[in-house]
Amino acid sequence: MSALTTLKSITHSLDITSRRISTGQRTSSASDNAAYWSIATTMRTDNAVLSAIRDTLGLGAAAVDAAYQGTSSVLADLRSLRAKLQTALQPGVDRAKVQTEVGAIQDRMRATARASGTTDESWLAIDSAAGGRSVRQVVSGFTRDASGAVRTSSIPIESGAIALYDAGTAQVTVPATPARITAGEAIPGATDLSGTASVRFDLSVDGAPARPIVLSGATMISAARDLAAVTPDELVRAINNLIAADPDLAGTVHAGLDEAGRLWFETTEAGAGRTLALDRTGASGPGVDLAVNGGFEAGLAGWTVGANTSWNQVRAPARSGTAGYAMGTSGTPTTVSQTLATVPGQSYLLSFWLKNDPGGTSNFFKADWNGATVVARGADPAGPFIEYHVTVTATGPTSVLTFEARQDTNWWYLDDVSVTGTGGADVTLGFGAGASDHRVAAGSDAATAAARGLLDTVDPASGVSVDTIDLTAIGSGTAADAALARAIDTVERAIARVTESGVRLGASRTQIEGQRSFLDTLMKANDRTIGILVDADIEEESTRLKALQTQQQLAVQALSIANASSQPVLSLFRP
């Protein structure tokens, strides 16, 4: 009886072990281990849900990527549009022909926005009247609380903040904008300021007197690691440091780089009352004259007359043109001066033509540079115009050129004054080409407008949107040039907003990809946990199977022996 009981027990264990080896699980049903089976079943369910969420994230990632690629393409088109408008601002350009190119760019941007979607709708071309501005929710995960309730989480995508075009007519408040001036080209990766090359910006905020910002070897020596290869970031830091050091500019304007590497200046406050004017001058290489009205053909424009102002006239004779400046004061001298925008440390060639009137007795004539006499004449005989030139050096952002003379009986005649740089290439940092560049910008007040997209919302400052810019409607002339400049500012602001939209989409794309990666890791972790709970150790179970098979054979043999031993005893009881 004992052998039979042992055999039954071994057979039962052998069945369990065989099932574990065949299924690979030690807990395949609730009867094996109710607690482990329940936990494993729940985790399998969770993994099935996570797999579906991962697929949903894949669809969301595709939609975000389509919008991101569309935004990047439109951003490139906006830069092209900005260049076309800048070209149209140049004298002599046929704006009707440029408008043909502008219209093609506008059409291409609209087509790109409509096509930037993975389903029937695009996130870049919406209709707010049909709920197009609703926040898109991309399901990203779920949680299970202590009570077993499941809650899903999602990544919000604000379509209203990234839409480029909106067919709806809802009203929204357009925020006020600051005055901003952006360069037409990117700053080179390295700018050489080790020699005489330099650049100067004169900034005027809200109509205040312009203040100089000079970038040269002298001002950059502590801001750049290598003056022969100054980086864009080093230039921007230096500009902002110079602005902060100027009490008239500090807190009113700042500089930076846009996504294309272009330098911009922007007022710190927004509103229609904010204005910004910029004048850029380079190192003033040979041929670039800093003197204003040096030939006196515009009278005394640009010049300041001081001391004895009697017997001074703009008239013939002249070395060139129709007029020069006659200086004939008696008793005390007269002065005529001009303040020039210079670069500290830069050398300049001062040149002028001088004539003593026939029959006159000259008392004296001299030319001063920042108070120091550089040319002095006394009893010159009567004769033709003679050229005088001398090299001078600027010690600050402005230099004062002064001519002082006395002629008791007749006249000194001064003409063709020029001040030109003696070397150094012009540095533009993307603002125009050549010796100088002048730009202005104005901010705009907050206003209520149709809730359109980033490119079809009317800019209060210009009265047009990027989508409706039309050079043929703007026309030509001074007023048209001002309107075109405002339209360029509208495009600049649109570039900034679309760039921000790209940043939003890029961040969402990174977040989605990170969540997908996390879900993969979480599902693998769940699989490992399920394996720990329910998977059988095949090696261990195989060893156990062999042992049980041996035990089964021994039990059968023991039962056979027991049965055989009972036969002699039973024969004693037979009749």
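A quick note: this is a predicted structure, and the numbers were derived from the prediction, not measured.

Scoring rules and cut-offs
Residues numbered from 1 in each chain as written. Predicted model: local features only at pLDDT ≥ 70, side-chain atom pairs only at ≥ 80, totals over all residues. Heavy atoms only, no water. Helix = DSSP H or I, 4+ residues; strand = E, 2+ residues; numbered from the N terminus. Buried < 20%, exposed > 50% of the residue type's maximum accessible area, 1.4 Å probe, protein only. Contact = heavy atoms within 4.5 Å. Areas by Shrake-Rupley, 256 points an atom, 1.4 Å probe, with all protein chains shown as cover. Pairing = 2+ DSSP bridges. Axes fitted to C-alpha atoms, helices over the stretch in contact; angles between N-to-C directions. Phe/Tyr/Trp six-rings, centres within 6.5 Å; stacked < 30°, edge-to-face > 60°. Lys NZ or Arg CZ within 6 Å of the ring centre and 35° of its normal. Salt bridge = Lys/Arg side-chain N within 4 Å of Asp/Glu carboxyl O. Expected span 1.5 Å × (residues − 1). Polar contact = N/O pair within 3.5 Å; in protein donor to acceptor, adjacent residues only side chain to side chain. Parallel < 35°, antiparallel > 145°, perpendicular 65-115°, else oblique. Nonpolar A, V, L, I, M, F, W, Y, C, P; charged D, E, K, R; others polar. pLDDT = per-residue confidence, 0-100.

Peer 1: Any chance you could explain the overall build of the chain here in plain terms?
Peer 2: In terms of helices and strands, the chain carries nine helices and 23 strands. Sorting the 575 residues of the chain into buried and exposed places 42% on the buried side. Look at the contacts in the chain between residues 6 or more apart in sequence, and 76% of them connect residues 24 or more apart. Total accessible area computed for the chain in this model is approximately 27,200 Å², and 55% of it derives from carbon and sulfur atoms.

Peer 1: Explain the pairing of strand β20 (residues 398–406) here, please?
Peer 2: A regular strand places its side chains on the two faces of the sheet in alternate fashion. In this structure, strand β15 (residues 334–341) lies alongside β20, joined through eight bridges in antiparallel fashion. Each residue of the ladder has a partner; that of S337, found in β20, is T402. When strand β17 (residues 364–369) meets β20, the two strands line up antiparallel, connected through six bridges. Directly across from F365, in β20, lies its bridge partner A405.

Peer 1: Which parts of the structure should I look at to understand the sheet that holds strand β19 (residues 386–393)?
Peer 2: Hydrogen bonds along the backbone pair up the strands of a sheet, which may run parallel or antiparallel. A sheet is described by the order of its strands in space; here five strands give the open sequence β13-β14-β21-β16-β19, paired in antiparallel fashion. The open sheet is flanked by β13 (312–315) and β19, the only strands paired with a single partner. Each adjacent strand pair in this sheet contributes to an overall mean axis angle of 30°, direction not counted. Taken together, the three bridges between strand β14 (residues 324–327) and strand β21 (residues 412–421) define a ladder with antiparallel strand orientation. For A326, the partnering residue across the bridge sits in β21 and is Y413.

Peer 1: What should I look at first to understand the packing of aromatic side chains in this one?
Peer 2: Each aromatic ring pair is specified by the distance between its two centres and by the angle formed by the two planes. The tally for this structure, following the rule as stated, stands at 12 aromatic pairs. Ring centres of F352 and F365 lie 6.0 Å apart, and the angle between their planes is 45°; this geometry places the pair in the tilted category. Of this pair, F352 sits in strand β16 (residues 347–356) while F365 is found in strand β17, placing the two residues 13 residues apart along the sequence. Taken as a pair, F352 and F365 share a single burial class, namely buried. One aromatic cluster is present, built from ring pairs that chain together F296, W303, Y325, F352, F365, Y388, F403 and W412. Of note, R180 hangs over the ring of W264, and the distance from its end group to the ring centre comes to 4.3 Å.

Peer 1: Even after reading the chapter, I still don't get the environment of P188, so can you show me in this structure?
Peer 2: Here P188 is to be found in the loop between β6 (178–186) and β7 (199–205). Overall, the relative accessible area of 42% leaves P188 in the partly exposed class. For the pair formed by P188 and R262, sequence separation is 74 residues and the distance between their alpha carbons is 9.3 Å.

Peer 1: Sorry, what's going on with the side chain of D77 here?
Peer 2: Mapping D77 onto the fold places it in helix α2 (residues 34–88). Residues within four places of D77 in sequence aside, it is in contact with I105, R108 and M109.

Peer 1: Would you mind going over the sheet that holds strand β12 (residues 304–307) with me for this structure?
Peer 2: Strand order in the open sheet formed by five strands is β12-β15-β20-β17-β18, and the pairing between neighbours is antiparallel. Edge positions in the open sheet fall to β12 and β18 (372–377), since each of these has one partner strand only. Across this sheet, the average inter-strand angle for adjacent strands is 20°, counted without regard to direction. Of the strand pairs in this sheet, β12 and β15 are connected by four bridges, and their pairing is antiparallel. Across the sheet, residue T304 finds its bridge partner in β15, namely S337.

Peer 1: Just to check I follow, could you spell out the pattern of salt bridges for this structure?
Peer 2: Pairing is possible between side chains of opposite charge, provided their charged atoms come close. Following the criterion strictly, the structure yields 21 salt bridges and no others. The partner of R509 in a salt bridge is D65, with the nearest N and O atoms 2.4 Å apart. With a gap of 444 residues between them, R509 in helix α8 (residues 478–534) and D65 in helix α2 connect regions that are remote in the sequence. Assessed through its relative accessible area of 28%, D65 is described here as partly exposed. Here R110 ties to D107 by a salt bridge, and the two come within 2.2 Å at their closest N and O atoms.

Peer 1: Can you help me understand the environment of V417 in this one?
Peer 2: Relative to the elements of secondary structure, V417 occurs in strand β21. Between the C-alpha atoms of V417 and L290, which are 127 residues apart in sequence, the distance is 9.8 Å.

Peer 1: Help me understand helix α3 (residues 95–115) in this model?
Peer 2: One full turn of an α-helix is made of 3.6 residues, so residues set three or four places apart face in the same direction. Counted at 1.5 Å a residue, the expected span for α3 with its 21 residues is 30 Å, and the 30 Å between its end C-alpha atoms agrees. Buried residues of α3: R95, V98, Q99, V102, G103, I105, Q106, M109, T112 and A113, and no others. Where α3 begins, one side-chain oxygen reaches toward the backbone nitrogen of A96, 3.1 Å away; that side chain belongs to D94.

Peer 1: How do you make sense of unusual backbone geometry when you look at a structure like this?
Peer 2: In terms of backbone geometry, most residues other than glycine have negative phi values and most peptide bonds are trans. Following A316, the chain continues to P317 via a peptide bond in cis, the omega torsion being 10°. As for its placement among the helices and strands, P317 is situated in the loop between β13 and β14. Phi at A307 is positive, roughly 60°, even though this residue is not glycine.

Peer 1: Sorry, what's going on with the packing of α2 against α3 here?
Peer 2: A pair of packed helices is characterised by two quantities: the angle between their axes and the separation of those axes. Between α2 and α3, the shortest axis-to-axis distance is 10 Å and the interhelical angle comes to 170°. For the element pair α2 / α3, the angle class is roughly antiparallel. On the side of α2, the interface is formed by G70, S73, V74, D77, L78, S80, L81, K84, L85 and A88, while α3 contributes R95, V98, E101, V102, I105, R108, M109 and T112. Within the contact of α2 with α3, the residues separate by chemical class into nine nonpolar, four polar and five charged.

Peer 1: Would you explain the confidence of the model for the chain in this entry?
Peer 2: Here the chain shows a mean pLDDT of 81. Residues at 70 or above account for 83%. Across the chain, element-level confidence peaks in strand β9 (residues 253–257) with a mean pLDDT of 95 and bottoms out in helix α1 (residues 2–23) with 65. Taken together, the stretch residues 283–287 has pLDDT below 50 and engages in 22 contacts with residues farther than four places along the chain or on a different chain.

Peer 1: What should I look at first to understand the side chain of S351 in this one?
Peer 2: Looking at the element boundaries, S351 is found in strand β16. Non-local contacts of S351, meaning those with residues more than four positions away in its chain, are made with E387, Y388, H389, D416, V417 and S418.

Peer 1: Looking at this model, I keep getting lost on the environment of N47. Mind explaining?
Peer 2: As for its placement among the helices and strands, N47 is situated in helix α2. According to the relative accessible area criterion, N47 is buried, its value standing at 8%. With 478 residues separating them along the chain, N47 and A525 place their C-alpha atoms 9.9 Å apart. In this structure N47 touches M523, N526 and D527, once residues within four positions along its chain are discounted.

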